[in-house]
Protein chains: 2
Amino acid sequence: MPTPFFSTHQQLLNDAVEAIAKRGYWSAFPEIPSGKIYGETANQDGKAVFESQLNRSFGLSLPGTIGKTGSERSPYGFSLGITYPKVDLNWLFQSITTAQEAWRSAGPETWAGVCLEILRRLNRRSFELAYAVMHTTGQGFMMAFQAGGPHAQDRGLEAVAYAWTELSHIPRTAYWEKPQGKNEPLKLQKNYRIVPRGVSLVIGCSTFPTWNAYPGLFASLATGNAVVVKPHPGAILPLAITVETARDVLLEARLDPNLVTLVSHDFNDNTAKELALRPEVKLIDFTGSSEHGVWLEKEAKGALVFTEKAGVNQVIIDSTDNFAGLAKNLAFSISLYSGQMCTAPQNIYIPEGGIDTAGGHLSFDQVAQGIVDSVNKLLEDSARAVEILGAIQSETTLIRLEKARTLGKVLLDSHRLVHPQFPEACIQTPLLVQLSLQPEDYYTQECFGPVAFIIPTENTDAALSLARKVSQQRGSLTFSIYSTEQSVLNAATDIAADAGVALSCNLTAGVYVNQSAAFSDYHGTGANPAANSALTDSAFVSNRFRVVQTRIPV
Amino acid sequence: MPTPFFSTHQQLLNDAVEAIAKRGYWSAFPEIPSGKIYGETANQDGKAVFESQLNRSFGLSLPGTIGKTGSERSPYGFSLGITYPKVDLNWLFQSITTAQEAWRSAGPETWAGVCLEILRRLNRRSFELAYAVMHTTGQGFMMAFQAGGPHAQDRGLEAVAYAWTELSHIPRTAYWEKPQGKNEPLKLQKNYRIVPRGVSLVIGCSTFPTWNAYPGLFASLATGNAVVVKPHPGAILPLAITVETARDVLLEARLDPNLVTLVSHDFNDNTAKELALRPEVKLIDFTGSSEHGVWLEKEAKGALVFTEKAGVNQVIIDSTDNFAGLAKNLAFSISLYSGQMCTAPQNIYIPEGGIDTAGGHLSFDQVAQGIVDSVNKLLEDSARAVEILGAIQSETTLIRLEKARTLGKVLLDSHRLVHPQFPEACIQTPLLVQLSLQPEDYYTQECFGPVAFIIPTENTDAALSLARKVSQQRGSLTFSIYSTEQSVLNAATDIAADAGVALSCNLTAGVYVNQSAAFSDYHGTGANPAANSALTDSAFVSNRFRVVQTRIPV
């Protein structure tokens, strides 16, 4: 019997299913961190819960616990001091195997109902999640709330909607009657059982722990699999809260909570690979480095592997009727969360002869300077700047930043900003470096962090060819073009299709290339090396379960 | 502009889409080789065409032709003497790359229209295809007509219907308007372009060259990919006819015929691997040995690989109210096309204490003897027997048969039959061997051909456990149970779900476990080692294309 959760949330599911079919604007979870929506005390309550979690062990009891792990440090300059259960994998997987039995046969309504209830409860914990995301990833509060909370929840819901849709296409029974001329027809009753793949491993990243994990987590759970969540050692808390919420819901539904578990581990140990190679693991969702992603794609033979890896995002400036808007838009895209986004622009191609604008021709240097000025203006108020920039998540990003200074002509140097509340936070303004086309090495790989390269090309055609080559060879998640010529936009559209990368045209106002909206934008295409799948589409869910049929003569 | 083919066949497509949603009985292409359906002279015309093809070069002109290949031999005892173009792969792929451009952007209606027209024309060539299939695979005429013609065409249509359905779920455009409180909403036009993966390689097998190739071929073509067909060197003709038909249709649609090409090659050369590793190849559909299938799954990193490999199909006899029907049904399943079917039963488990039947208790030996008697009765008229058995396709099957004689107690020996029309044909009646549970090696691997093993088990529970283990370890495509107890049938249903294998219950009449009906039966589950995918479901098509979006501010 399905849990009551399904009927409670059926309308929400129907709306989400309609949304993915239309792909216009739709959202289930409000993105505004307002007391009017989330309750007048929601912010202070969420903050209080976050603070109460610091310097103690997180309240999650897991089978196979053999110790503690956890050494997260807020990029805002303090240790979280939170410990999480360290588990014995053999013991844990034994418990998961036991848990799976009832879940596998519970069916789509129960799977969806449980997922939807988890999402609803996560939504109510959005402020707590915001502080958890902020102090593990270094995102500014607003982004941590939105991307870590409602936007991630929307992505989770989107995955549930796709799963539900795919499952709905399979009839549970069929009556088959084949005519035999004058003889009695052949008659069979056929039953089609949905058989989940098994255990799904979700490998989280350090910058968007919830947003990047929820699609895989909910796609797998909504198709009847058990889910093991392996957070990045630097960003455990947001996923620990998520797993805790899921386990609470499962318990209330009288299901085994071990269907959703957390494997926290120390930095630089072998846990991810060990998990990936376990025979029980049949699905892996990964966000992270190309090195690890490619390893999984090649070596985790027993599992279907969905990856989002590194990429080089590119911008071509051909011409514009709104140069101020262009520069402002790009400045924000470069600055937002210090470029620590898989969608942030990195390479900006400008014709060496300059561009035409509504205000007349601008030389290459004028265009570059316009972007530099716009970044400076955006970040001139340091109180506002720190909210946009957030803090640097990882030491290696600082090392990359330092090295990037030496690669070409520095158009805008990076400097440290002091956060009024968190003086220890590591905050850096973006670095803009002009590179020439040779050597290619610098700009044909991802330079993750607050770095953008401004690169002169012979003309726009040359930039288009280069963009295609880089996307095809190294992968990209986003591609942006500015042009007043329809023929150029058309050419860019064709290049984007060839390179398998999402294109944005002439963004000069409040939409940024970095942003990807659930229910409307396909995040990633699976058609270039930056990702082998999209979040979220049919292909992302349809192979997480199989159909096993039974034929019975009537 | 879509070709007129789409509007011509739109109703057919709609009917097929409806059929896959309901999965009751439906067929588009009549399976009866009757002159009333196919035209009074269809049989003699098809035969005449087949005979005119013998001992000459097949009329297919392909780019990059550098010589000839082809040494097919009819299992009915004569060389076909047909040669096919041998192509230079670099040259061929250059032509394919050129051909792809217009096809990629032609869109779903053109893709579907071309596929449907190809299927319609293949249907009109069903008699010609029947003789081609008969004299490459060794199937009897009736099976060659049905499985090689209409049933294969239905499977192709099923793939087109799935492709069309998946493509239909993606809107081509969306208007996205996000409210911004009191400010102007954000407004974007979004366009979603379907981007085919690239070149699809279809690797055919020697026993069902069309039936096993059409799902992949049409799934890829209907999602905008180019298709390279690589037939088994022993069964080129049916796929050469298929490729010829496809190229004719493409030409008429003013599309480049090189979207569908044929790579014939000599026995035991390296062509399959060379093709699989080409960078242009993004999709591979394979039917054949586990060794080659696993190699592709592991080594063809650049492509999505769909495989159907070897398996061990099992039957459990627990009890029956119709032992005569059981024995007759099994006898036919074992004999049909000499067990050269991926779905043919191999291991028959019988409780050592015998079984209960409507006519009283039967001992193990009585049950085994009942099956032996039934095979003898089925095949006593050798004119009829040769039509059921067909001829042995491959020398290695004869070697396996010879070896199987030595593995246990021979309950029914195999003997050669002489075909009245084809005295040189290699026709063998089935071998039934009783094995004990130890050693396991003999019955835990596929013994492809006219061999069945009868194996005593302690009881039905033991047989169920064994069946699960063998399916999980070695893979199975079919599983059959006979029982009058609902609890046993339920247990078998659960075992089948665990083992990811299709179950048939109590088949005693005109439906056989070997048979798999398009639009209703999922052939393979993708959930055990016998296949990594099903023919055909959403997962089989949804990843053959990707979606690339463009966002434009409004």
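Residues numbered from 1 in each chain as written. Chains lettered and ligands numbered in written order. Predicted model: local features only at pLDDT ≥ 70, side-chain atom pairs only at ≥ 80, totals over all residues.

Draft legend 1. Quick peek at helix 8 (residues 150-168) of chain B. Helix length check: helix 8 of chain B (19 residues) gives 26 Å between terminal C-alpha atoms against 27 Å at 1.5 Å per residue, within 8%. With 17 of its 19 residues buried, helix 8 of chain B lies for the most part within the structure. (Helix = DSSP H or I, 4+ residues; strand = E, 2+ residues; numbered from the N terminus. Expected span 1.5 Å × (residues − 1). Buried ≥ 20, exposed ≤ 12 C-beta atoms within 10 Å, placed from the backbone.)

Draft legend 2. Quick peek at unusual backbone geometry. Cis geometry is adopted by the peptide bond preceding A:Pro439, which originates at A:Gln438 and carries an omega value of -5°. As for its position among the elements, A:Pro439 is in the loop between strand 20 (431-434) and strand 21 (451-457). With an omega of 0°, the peptide bond running from B:Leu535 to B:Thr536 counts as cis. Residue position: B:Thr536 is located in the loop between strand 23 (502-505) and helix 19 (538-541). Non-glycine residue A:Asn268 carries a positive phi angle of around 60°. With respect to the helices, strands and loops of the structure, A:Asn268 is situated in the loop between strand 9 (260-262) and helix 11 (271-276). Of the residues examined, A:Asn268 has 7 C-beta atoms within 10 Å and is grouped as exposed.

Draft legend 3. Region of interest: the nonpolar core. Among the nonpolar cores identified, the biggest contains 360 residues, and A:Val160, A:Ile284, B:Val160 and B:Ile284 are the most heavily contacted of them. With residues near it in sequence (within four places) discarded, A:Ile284 still touches A:Leu201, A:Ile203, A:Ala276, A:Leu296, A:Ala300, A:Ala303, A:Val305 and A:Phe306. (Core = buried A, V, L, I, M, F, W, Y, C linked by C-beta atoms within 7 Å. Contact = placed C-beta atoms within 7 Å.)

Draft legend 4. Spatial organisation of the relation of the copies chain B and chain A. At an RMSD of 0.0 Å, chain B and chain A line up after a rotation of 180° and a shift of 0.0 Å along the axis. The transformation just described matches what one would write down for a two-fold rotation axis. When C-alpha distances to the rotation axis are compared across chain B, the minimum falls at B:Ala539, with a value of 3.2 Å. Counting the interface residues of chain B, we find that 100% of their copies in chain A are interface residues as well, pointing to one common contact surface. (Least-squares fit on C-alpha atoms with pLDDT ≥ 70 in both.)

Draft legend 5. The arrangement of the packing of helix 6 (residues 126-137) of chain A against helix 7 (residues 141-148) of chain A in detail. Residue and element names in this part refer to chain A. Two elements in contact, helix 6 and helix 7, have axes whose closest approach is 8 Å; the angle formed by their N-to-C orientations is 120°. Here helix 6 is positioned oblique relative to helix 7, judged by the angle of their axes. Here helix 6 and helix 7 pass one another in a crossing that is right-handed. Taken together, the residues of helix 7 that come into contact with helix 6 (itself represented by Ser126, Leu129, Ala130, Val133, Met134 and Thr137) are Phe141, Ala144, Phe145 and Gly148. Class assignment of the residues belonging to the contact of helix 6 with helix 7 gives a composition of 7 nonpolar, 3 polar and no charged. (Axes fitted to C-alpha atoms, helices over the stretch in contact; angles between N-to-C directions. Parallel < 35°, antiparallel > 145°, perpendicular 65-115°, else oblique. Left-handed = near helix turned anticlockwise from the far one by under 90°. Nonpolar A, V, L, I, M, F, W, Y, C, P; charged D, E, K, R; others polar.)

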